[in-house]
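Residues per chain are reported as follows:
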Amino acid sequence: MALFVRAFRYTGPRMPRFADVAVQLPVPGTYSYAVPERLADRKLIGARVLVPFGNRGVTGVVVGEMDAPPSGVTRIKELYALLDPQPMIVPAVLELCQWIAAYYESPPGEALRAALPPGTSITADQQVELTEAGRAAFAGQGGALPRPQLALLSALASSEGPVAQRTLMKGRTRATDIAQLVEAGLATYSLVSGKARIKDKRVRVATLVRDITSEDLAGLARSKARLAVLNALVASGGTADVEALKAVNARASTHLRALKNAGLVELGDRVVRSDAWEKSESRTEGMVAPVTALELNASQETAVSDITEQMRTGTYAGFLLYGITGSGKTEVYLQSIAECLRAGKNAIVLVPEISLTPQLAARFRARFGPEVAVLHSALTIRERYDEWHRLREGKARIALGARSAIFAPIENVGMIVVDEEHDSSFKQEEGVRYHARDVALVRAKKAGAVCVLGSATPSLESFRGTEVGRLELLALPKRATGRPLPAVELVDLRRNKPDKDSMLTAPLATAIEEALHEGDQVILFLNRRGFDTFVMCTACGHAFRCRSCSVSLTYHRFRERLMCHYCAHEEALPHTCPECEAPDAISRRGFGTEKITEAVASRFPNATVDRLDRDVASGAAIQTVLGRVARREVDILVGTQMVTKGHDFPGVTLVGVLCADTGLSLPDFRASEKTFQLLTQVAGRAGRGEKNGRVLIQSYRCDALAIRTAAQHDFDAFYAGEVRDRADLGYPPHGYLVAIRLDGANASAVIRQARRLSDAARKAGIAHGVSVLGPAEAPLAKLKGKTRWHLWLQAPERNTLRATVRALLASNDPPVGVRVAIDVDPVSAL
C-alpha cells in the first residue's frame, strides 16, 4: 500500500490537530506528528498509527493530543495512517505503560509494545519520487541546485519509479539533501507499508433477513437444493456459516447468492476466535478441577472475607497471602474472584509460567468457563491474538497468564492476583525490565482494586511490606486437607556417599524402594539439566567451552551433542581432543537430569521413569508429561525447578533433592533466598493426598541457613537471619538497587564505557548518598559473543537513586556498539 507523505510548515495562528506518539522502537521519549484532516474527528489516544520515522515507517501508539506543535517546531511530519477502527490500548493500560516507562527508565513505545498482541506491528519503507516540477528541473539541468541535489535529481530521474530512501542513502546522499528537494516541491515522499503477521480471521456468514412467504416457497419449488439450503439456514436459527451450509449442498454459495437476490438472505463476514483451552484439555486429562466451590477452613474463610470486604469499598489495598504449601491459596483466589465477578468487576491472575501450571488453568476454567482467557508464550500467535481480543471485546473477564498478562486489555478491574509472587520469572530480564509483581500493585492502586500476592515462601521485600504497613498479612498456617507438612530429613553427602551415576545415597535409594512398594509416586529434583555438565581432555586438560559464552558446554546424550544452555550453540562430541589430538582422552563428568533419569531407570527397572526439563518439555509437551503424572502413569519424575511450580499430585509421597547446594555458591546476594524457596516449594509437592509425605534433602552444607530452615519448614527463622545479614549491607529490603549492565562485541569499548559511567555515577551520587559498586566483569563475562560488565548503584531511598540514574543517562551517551541497559530493582546478579 502506498501512502503520500506530507510535511507542514506553519505560518499562522490557527494550528491543526497534533498527536504525541510513542513509536515501537528502543528510543527515548515521544514524537509529535500532525493529524491529517481525514482523521480530524477520530478518537486517537490509545490507537495504533503508522508514522514516518527516519527513512521508514513504524507502528506507534498515540499517547496524547495537542492543539499546537511543541515550542520552536516549525516543520512537522504528518502521521500516515490509523491502523485500527477503535483504540486498542485501554486508558488504564496506557497510563500503566507510561508509568512503567518512567519508573524503569525504558522507552515508552517498547512498554506499549508489551501491551499489544504479538504479530500486529507494521513497518514500511519510505520512498522518494520526482514530481513533475522535479522532472522539468532535471530537463533544464537543475538550474542553480547544489551538486549533491543535482546528483540526487539525476538518480531519481533515471529510475522507472519511486526509490527507497535507504537505497539512495547507501551512497553519498544525505537525508537533508532529500528533504530539501521535497521542500522545494521537486520530489515527494511515499510509503510502501508491509502487513501485520496476523489479523482477524473471518468467515462468510448467511443471515435470514425476513419471514418466508408462500410466494417464496412457490418460487423455490423447482430447486430442491436451494430449498434445502434455506431450510438448513432456518434450522440454525437464521444465521449460519457458509462453509457449514456446504455440508447440505456443495453449491451452497451459489444458492445463497440467489437467495440474496430474492431478498431473503444477507451475506457478510464474522470474526472467528479460536479457543486456546480446547487444544490443551486432552493433555490435562486426569488433573483435579472441581467445578463447585470447596468448603473453606477458618483461615481461608478469614482471607476471603477480608479480601472481598475490601473489594466492596472500591479502594485499593494490597494483601500478602502467606500460606504453607497445600494450604488452599488457589481456592481463596477462586472464591474471591467469584465475588469480584458478581460485583460486575473483572480480574487478572498472574502465575510464574502458565504452561507449567495447567492444573491452575484447569481449575479456573472449570469454575468460570469461557470467562477465562489464557495468555502465555506457549500459545500460538493466533491463539494469543484471539485470547487478547476476547478480553478486549469483553467476552472474557478473567485474564490468566504469565507476567505479560498484567497488560491485559480489560477495564473495571476489581482484583489482581500474583500467585507464587516470589518467583524470579516475574522479572523481565531483557527489553523493558519491569517486575510484574510490582506493576500489579501499581495497576491495582490506580484502579482502586485489591491486589493479592500469594506464596508459601514470600520474597523478603513482600514480607517486609507487611511489617511496615504496605501490605496486609493473611496467613494460612495449615494444609487444606488437614494433613501435616511432610517430614524432612537432611542427608549429609560428606558422610553418605552418593552413587556415581544416579546421585542416590543409600537412605534415598531405600526410601524410593519403600515408596514404590507402597504404590506411591516419587519426585527427584536436581536443578541442572543435561547428561554430563563438564567435558574435558584428560591428556591436556582442555575444557570444552562455548566460544560465545563464558560457560562450559553440556553433553546431551539424547542428541549426542555438546550444547550451550545460553546461546543454543551445539557441536558434535569429538573422538579426539581438538587441542592435543589425543585419542580416547575425552572425559565426561558432572550430573544432569538426563543422566539421572537413565541411571534411576536402570536402578529401578520395574518403575516408569520420566523427566521434566527444558530439553524434553516445551509448550504442549509439558502438559503431556504433567498429565501422565496426574493419571499415575509415571512412578518417578526427575526434573529441574519445573517440578516445583505449584503442582498438586496426590500420589506423590516422596521427594528427593539430589544436591541442595547447586545454587548456594552463585555470586548473587539472593542465592540463599532462592535456595530456601526452591527447597521449600519442591518439598511441598509431597504428602498432598491421603498419605503423609516424606522429603530427603542431600547436601554438603546441611548447616547453611537456607537448607537448615527449609528442612524445618521455618520461614520466620530464615527471614530473620537473612534480613539481618542484608541490613548490614544495605541490600533489599533495607535499601534499593539499580544495576547498569553493559555489553558489546568490542571488549575494550565496553570496559572503557563501564569505567566512564562508574566515575560519573560517583560524582553524581555524592550529593544524594548513593553508593557505587563496581564496575566489574559480570559473573557471566561473555554471552552470545558479547563482553559483559556491570556496576550497581545502591541507596536507602528510591528517589535519590533514580535522580542519579537520570543524571547519568542525560550526560553519558554510549559509543556505537556498546549497549547500556538500566535494570531498576534487579533480581539477578548474573
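Residues numbered from 1 in each chain as written. Predicted model: local features only at pLDDT ≥ 70, side-chain atom pairs only at ≥ 80, totals over all residues. Heavy atoms only, no water.

Novice: Would you mind showing me how to read the overall build of the chain here?
Specialist: When you go through the chain residue by residue, the secondary structure sums to 25 helices and 36 strands. Relative to its length of 830 residues, the chain is compact, with a C-alpha radius of gyration of 32 Å against a globular reference of 28 Å. Along the first, second and third principal axes, the C-alpha atoms of the chain reach 95 × 85 × 65 Å. Taking all 830 residues of the chain together, the buried fraction comes to 53%. Put simply, 76% of the contacts in the chain that link residues at least 6 apart link residues at least 24 apart. The positive charge centre, built from 106 side chains, and the negative charge centre, built from 91, are 5 Å apart in the chain. (Helix = DSSP H or I, 4+ residues; strand = E, 2+ residues; numbered from the N terminus. Rg over C-alpha atoms; globule rule 2.2 N^0.38 Å. Buried < 20%, exposed > 50% of the residue type's maximum accessible area, 1.4 Å probe, protein only. Contact = heavy atoms within 4.5 Å. Lys, Arg positive; Asp, Glu negative; His and termini not counted. Charge placed at Lys NZ, Arg CZ, Asp CG, Glu CD.)

Novice: Got a minute to help me understand the pairing of strand β12 (residues 201-208) in this structure?
Specialist: Walk down a regular strand and you will see the side chains alternate between the two sheet faces. As paired elements, β12 and strand β14 (residues 265-272) share eight bridges and run antiparallel to each other. Bridge pairing in β14 places Lys 201 opposite Val 272. (Pairing = 2+ DSSP bridges.)

Novice: Explanation requested: the sheet that holds strand β20 (residues 450-455) in the structure shown.
Specialist: In a beta sheet, neighbouring strands pair by backbone hydrogen bonds and run either parallel or antiparallel. Strand order in the open sheet formed by seven strands is β17-β18-β16-β19-β20-β15-β21, with parallel pairing between adjacent strands. With partners counted over all chains shown, the strands left at the sheet margins are β17 (372-375) and β21 (472-476), one partner each. Along the sheet, successive strands turn relative to each other by an average axial angle of 20°, direction set aside. (Axes fitted to C-alpha atoms, helices over the stretch in contact; angles between N-to-C directions.)

Novice: Mind showing me how you'd approach the side chain of Glu 331 here?
Specialist: Residue placement: Glu 331 occurs in helix α13 (residues 329-342). Judged by relative accessible area, which is 3%, Glu 331 ranks as buried. A distance of 3.0 Å separates a polar side-chain atom of Glu 331 from the backbone nitrogen of Leu 294. Apart from residues no more than four positions distant in its own chain, Glu 331 is found in contact with Ala 293, Leu 294, Leu 296, Gln 300, Arg 363 and Arg 367. (Polar contact = N/O pair within 3.5 Å; in protein donor to acceptor, adjacent residues only side chain to side chain.)

Novice: I would appreciate a short explanation of the sheet that holds β12 in the present structure.
Specialist: Taken in spatial order, the three strands make up an open sheet running β13-β12-β14, and their pairing is antiparallel. Looking along the sheet, the strands with just one partner apiece sit at the ends: β13 (239-241) and β14. Taken over all neighbouring pairs, the strand axes of this sheet differ in orientation by 35° on average, direction set aside. Across the sheet, helix α8 (residues 224-235) lies against β12, β13 and β14, angled at about 100° from β12, the strand it touches most.

Novice: Can you walk me through the pattern of salt bridges in this structure?
Specialist: Opposite charge on two side chains permits pairing when their charged atoms draw close. This model, assessed by the stated rule, comprises 46 salt bridges. Linking Asp 200 and Arg 273 is a salt bridge whose minimum nitrogen-to-oxygen distance equals 2.9 Å. Linking Asp 200 in the loop between β11 (187-193) and β12 with Arg 273 in the loop between β14 and α11 (278-281), this pair joins segments that are 73 residues apart in sequence. Across the pair Glu 243 and Lys 246 runs a salt bridge, and its minimum N-O distance is 3.1 Å. On the basis of relative accessibility, which here comes to 32%, the residue Lys 246 falls in the partly exposed class. (Salt bridge = Lys/Arg side-chain N within 4 Å of Asp/Glu carboxyl O.)

Novice: Honestly, the confidence of the model for the chain in this entry has me stumped. Any pointers?
Specialist: Reading predicted coordinates in detail is not appropriate for stretches of low pLDDT. Overall, the predicted model of the chain reaches an average pLDDT of 88, with 94% of residues at or above 70. Across residues 1-15, where pLDDT falls below 50, the model places 38 contacts with residues more than four positions away in sequence or in other chains. (pLDDT = per-residue confidence, 0-100.)

Novice: Looking at this model, I keep getting lost on the environment of Arg 547. Mind explaining?
Specialist: Tracing the chain through its elements places Arg 547 in the loop between β24 (534-537) and β25 (554-556). Here Arg 547 falls in the exposed class, since its relative accessible area comes to 63%. Along the chain, Arg 547 and His 569 lie 22 residues apart, while their C-alpha atoms are 8.7 Å from each other. Setting aside anything within four residues of it in sequence, one finds Arg 547 in contact with His 569, Glu 571 and Lys 782.

Novice: Would you mind showing me how to read the side chain of Glu 571 here?
Specialist: Tracing the backbone through its elements, the reader meets Glu 571 in strand β27 (residues 570-572). A polar side-chain atom of Glu 571 sits 2.7 Å from a polar atom in the side chain of His 569. Not counting chain neighbours up to four residues away, the residues in contact with Glu 571 comprise Phe 544, Arg 547, Leu 553, Arg 561 and Leu 562.

Novice: How should I be thinking about the nonpolar core in this particular structure?
Specialist: Grouped burial of nonpolar side chains is what soluble globular proteins tend to show. Counting residues in each nonpolar core, the largest one holds 107 residues, and the members touching the most others are Ile 100, Leu 350, Tyr 434 and Leu 793. Not counting residues up to four positions away in its chain, the partners in contact with Tyr 434 are Ile 100, Tyr 104, Arg 403, Ser 404, Ile 406, Phe 407, Phe 426, Lys 427, Gln 428 and Val 439. Residues Tyr 333, Ala 347, Val 374 and Val 417 belong to the second largest nonpolar core, which totals 33 residues. (Core = buried A, V, L, I, M, F, W, Y, C linked by side-chain atoms within 4.5 Å.)

Novice: Help me understand the packing of helix α12 (residues 298-313) against α13, please; the structure alone is not making it clear to me.
Specialist: Between two packed helices, the angle of one axis relative to the other and the distance separating the axes together describe the packing. The N-to-C vectors of α12 and α13 enclose an angle of 30°; their axes lie 9 Å apart at closest approach. In this view, α12 runs roughly parallel relative to α13, as classed from their interaxial angle. For the element pair α12 and α13, the recorded crossing hand is right-handed. Contact residues: Gln 300, Ala 303, Val 304, Ile 307, Thr 308, Met 311 and Arg 312 in α12; Glu 331, Val 332, Gln 335, Ser 336, Glu 339 and Cys 340 in α13. Per-class residue counts for the contact of α12 with α13 are six nonpolar, four polar and three charged. (Parallel < 35°, antiparallel > 145°, perpendicular 65-115°, else oblique. Left-handed = near helix turned anticlockwise from the far one by under 90°. Nonpolar A, V, L, I, M, F, W, Y, C, P; charged D, E, K, R; others polar.)

Novice: Could you clarify how one ought to interpret the pairing of strand β15 (residues 317-323) in this entry?
Specialist: Counting buried positions along β15 yields seven of seven residues, so the element is predominantly enclosed. Residues Ala 317, Phe 319, Leu 321 and Gly 323 point to one face of β15 and Gly 318, Leu 320 and Tyr 322 to the other, with burial holding for every one of them. Pairing of β15 with β20, which is carried by six bridges, proceeds in the parallel orientation. For Tyr 322, the partnering residue across the bridge sits in β20 and is Ser 455.

Novice: Help me out: how do you make sense of helix α1 (residues 91-103) in this one?
Specialist: Turn by turn, an α-helix covers 3.6 residues, leaving residues three or four places apart pointing in a common direction. Counted at 1.5 Å a residue, the expected span for α1 with its 13 residues is 18 Å, and the 18 Å between its end C-alpha atoms agrees. Here α1 has its buried residues at Val 93, Leu 94, Leu 96, Cys 97, Ile 100, Ala 101 and Tyr 103. On its buried face, α1 is in contact with β6 (56-66), α2 (108-113), α16 (436-447), α25 (798-811) and β36 (818-824). (Expected span 1.5 Å × (residues − 1).)

Novice: Looking at this structure, I do not really get the environment of Ala 761. What am I missing?
Specialist: Along the chain, the position of Ala 761 falls in helix α24 (residues 747-765). Taking the relative accessible area as the measure of exposure, Ala 761 reaches 0% and is therefore buried. For the pair Ala 761 and Cys 340, spaced 421 residues apart in sequence, the C-alpha separation works out to 47 Å. With residues near it in sequence (within four places) discarded, Ala 761 still touches Val 772, Leu 791, Leu 793, Thr 804 and Leu 808.

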